[in-house]
Amino acid sequence: MLSYFNITQQGSSHASVNKVCQDYSCSKSIQLKDNKEVVIAAVADGVGSCDYSQYGSKIAVNSFLKSVEYNLASNISHIENDDEIENLIRHAFNYALSEISKDSEARELPFLEYDTTLSGAIYDGTNLWFGHIGDSGIVVLHIDGSYELITKRHKGEEVGSVYPLRNTDLWQFGKVSNVASCCMMTDGVLDFCVDNEGMNNRVYFPFLRPILTTSMNDDNGVATEKENWISFFNGTERNNLSDCFEKSVTDDKTILTIQNSNLVDNLPTIDFDFKKWDEETEQRKKQLNTNLYKEYNAYKEQLKDVDSANRNNDQNNDQNNDQNDDQNDIDKDFEDAPKSSNINCANSNPHKEAKSETAPETSAFKLTNTTLKSLIRIVDDAIKKIIKEIIQ
């Protein structure tokens, strides 16, 4: 049995400022000419900075499903040719983009303000064909118990930016076989449970385990699991994971799952190494610290050398002062002694002139050095705070 459901909810950051939900999702089952059942599904996330992206995400999802359903029902008798299916999905992406353009023209609204991501899929019970653009994503669970993120994150160069549907040169299409279940998510949920590329897109499986491994072999099973996730999103059932999720995910939330319940029933035991996860996380923190502080640490080493030189300079000045004191005593003795034409003491204390020239430089250097140390401490605290926020 092929089972599926989707949930889309407004995020707390949007609700707090009366901003509409910009996510959209839909999933449905269709019958092919040979009576084979397939599930088609799509999720989209309207770009937050665009005024009408809620229209773009809804049109993209509905247009994708409409195009795929029409072509599967009328032009495809058997899902066998991968190139044919990929062309079908590519056509659906083009159709979605054209429908967004038509709507913007009809409403006389700027086309760019409709920007949205789009991830769409076709699942026949073991094979998953997909198309994707943006920073949403698809995680699949294979029949052998392995799992992976199969989509790329099309992030923009600026923080928080993303490449939307109109970036046709970045469209990604593919096929994954031996799939027992899959989960499609917009970036709010995805970034919570799937790490970044620097960590090889590792998946925090304990979060997705319920939705990927709970067998939904009838309508009641689907309804129960869907209600469980709605309760989790709403924070109805409190635990450490839900508290962390509520704190971390304030964006709109979308999660969609498809599964072959027969395959899910026969999955092997899937273990998760919490210790390894924590060790990798700690190692990554150290790596980030090393990379981020590379030049800064080198500068601190130089500063240590300057401090050492400064201390040596102070010691030399102290020695000079002692010598000056000794010389002053000698000078005084000469002044008290009877004058002699054979003795010339006019320049008998060369250290006095040296001290008067070097002392101001030493004082100014110390002041600059102290100021640098204070600035370094301020920058050091600020950078550590930024790293902590990035990692969390």
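Residues numbered from 1 in each chain as written. Predicted model: local features only at pLDDT ≥ 70, side-chain atom pairs only at ≥ 80, totals over all residues. Heavy atoms only, no water.

**Looking at the overall build of the protein**
Piece 1. The number of helices and strands found in the protein is 11 helices and 10 strands.
Piece 2. With 392 residues in all, the protein has 41% of them scored as buried.
Piece 3. Partitioning the intrachain contacts of the protein with sequence separation of at least 6 by distance along the chain shows that 72% fall at a separation of at least 24.
Piece 4. Working note: accessible area of the protein is about 21,600 Å², and carbon and sulfur atoms make up 47% of it. (Helix = DSSP H or I, 4+ residues; strand = E, 2+ residues; numbered from the N terminus. Buried < 20%, exposed > 50% of the residue type's maximum accessible area, 1.4 Å probe, protein only. Contact = heavy atoms within 4.5 Å. Areas by Shrake-Rupley, 256 points an atom, 1.4 Å probe, with all protein chains shown as cover.)

**Focus on the layout of surface pockets**
Once rolled over the atoms, a probe with the size of a water molecule shows which space is left empty.
Piece 1. Roughly 440 Å³ of internal volume is contained in the second largest pocket.
Piece 2. Counted by class, the lining of the second largest pocket contains five nonpolar, 10 polar and 10 charged residues. (1 Å grid on protein atoms, 1.4 Å probe; cavity = no way out; pocket = protein on both sides within 12 Å on 5 of 7 lines; lining within 4 Å. Points joined across faces, edges and corners; volume = space filled by probe spheres on them. Nonpolar A, V, L, I, M, F, W, Y, C, P; charged D, E, K, R; others polar.)

**Observations concerning the sheet that holds strand β3 (residues 37–45)**
Piece 1. Spatial strand order, β2-β3-β4-β5-β8: five strands in an open sheet with antiparallel pairing. Strands with a single pairing partner mark the edges of an open sheet, and in this sheet they are β2 (23–31) and β8 (172–176). The sheet shows a mean angle of 10° between the axes of neighbouring strands, direction not considered.
Piece 2. Strand direction decides the pairing type here: β3 and strand β4 (residues 118–123), joined by five bridges, are antiparallel. By the bridge assignment, V39 is partnered in β4 with Y123. (Pairing = 2+ DSSP bridges. Axes fitted to C-alpha atoms, helices over the stretch in contact; angles between N-to-C directions.)

**Some thoughts on empty space enclosed by the protein**
Piece 1. A full pass over the atoms with the stated rule returns one cavity of 30 Å³ or more.
Piece 2. By volume, the largest cavity is sized at about 50 Å³.
Piece 3. Contributing to the lining of the largest cavity are L97, I100, F111, Y114, D115, T116, P164, L165 and R166.
Piece 4. Here the lining of the largest cavity is composed, by residue class, of six nonpolar, one polar and two charged.

**As for the pairing of strand β1 (residues 2–9)**
Piece 1. Here β1 lies mainly inside the structure; six of its eight residues are buried.
Piece 2. As paired strands, β1 and strand β10 (residues 253–260) are joined by eight bridges and run antiparallel to one another. Bridged to Y4 within β10 is I258.

**Here we look at the nonpolar core**
Piece 1. Judged by nonpolar contacts, the single largest core of 32 residues is most densely connected at M185, F207, L208, W229 and I255.
Piece 2. Per-element tally for this core: the top contributor is helix α5 (residues 205–213), with five residues.
Piece 3. In contact with I255, other than residues within four places in its own chain, are F5, N6, I7, C183, M184, M185, V189, I211, W229 and F233. (Core = buried A, V, L, I, M, F, W, Y, C linked by side-chain atoms within 4.5 Å.)

**Side note on the sheet that holds strand β7 (residues 147–149)**
Within a beta sheet, neighbouring strands are joined by backbone hydrogen bonds and run either parallel or antiparallel to one another.
Piece 1. Spatial strand order, β1-β10-β9-β6-β7: five strands in an open sheet with antiparallel pairing. Of all strands in the sheet, those bounded by a partner on one side alone are β1 and β7. Averaged over all pairs of adjacent strands, the angle between their axes in this sheet comes to 10°, without regard to strand direction.
Piece 2. Of the strands in this sheet, β1 and β10 touch helix α6 (residues 219–234), which is tilted by about 20° from β1.

**Points about the side chain of N71**
Piece 1. Relative to the helices and strands, N71 is located in helix α2 (residues 53–75).
Piece 2. When residues no more than four places from it in sequence are discounted, the contact partners of N71 are I76, L88 and H91.

**Remarks on the side chain of S67**
Piece 1. Structurally, S67 can be placed in helix α2.
Piece 2. Look at S67 and you get buried, because its relative accessible area is 5%.
Piece 3. The contacts of S67, once residues within four sequence positions are left out, are H91, A92 and Y95.

**Concerning the pairing of strand β9 (residues 179–185)**
Piece 1. Of all seven residues making up β9, seven are buried, and the element is well covered by its neighbours.
Piece 2. The pairing of strand β6 (residues 137–142) with β9 spans six bridges and is antiparallel. Paired with V140 across the strands is C182, a residue of β9.
Piece 3. Sheet analysis places β9 next to β10, joined by five bridges and oriented antiparallel. The residue of β10 that forms the bridge with C182 is I258.

**Quick word on the pattern of salt bridges**
Piece 1. For the structure shown, the criterion picks out 11 salt bridges.
Piece 2. Here E69 makes a salt bridge to K28, at a shortest N to O gap of 2.9 Å. Placement of E69 in helix α2 and of K28 in strand β2 is noted, with a sequence separation of 41 residues between them.
Piece 3. A residue is classified by how much of its surface remains accessible, and E69, at 27% relative accessible area, is partly exposed.
Piece 4. On the basis of relative accessibility, which here comes to 30%, the residue K28 falls in the partly exposed class. (Salt bridge = Lys/Arg side-chain N within 4 Å of Asp/Glu carboxyl O.)

**A look at a negative patch on the surface**
Piece 1. A surface patch of negative charge is lined by D271, D273, D278, E279 and E282.
Piece 2. Within the fold, D271 resides in the loop between α8 (261–265) and α9 (274–292). (Patch = residues over 30% accessible without salt bridge, like charges linked within 9 Å, V, L, I, M, F, W, Y side chains within 5 Å. Lys, Arg positive; Asp, Glu negative; His and termini not counted. Charge placed at Lys NZ, Arg CZ, Asp CG, Glu CD.)

**Section: the packing of α2 against helix α3 (residues 82–107)**
Piece 1. At a minimum axis separation of 8 Å, α2 and α3 run at an interaxial angle of 140°. Relative to α3, the element α2 is oriented oblique. For the crossing formed where α2 meets α3, the hand is right-handed. Listed contacts from α3 to Y55, G56, I59, A60, S63, F64, K66, S67, V68, N71 and L72 of α2 are I85, L88, I89, H91, A92, F93, Y95, A96, E99, I100, D103 and R107.
Piece 2. Grouping the amino acids of the contact of α2 with α3 by side-chain chemistry returns 14 nonpolar, five polar and four charged. (Parallel < 35°, antiparallel > 145°, perpendicular 65-115°, else oblique. Left-handed = near helix turned anticlockwise from the far one by under 90°.)

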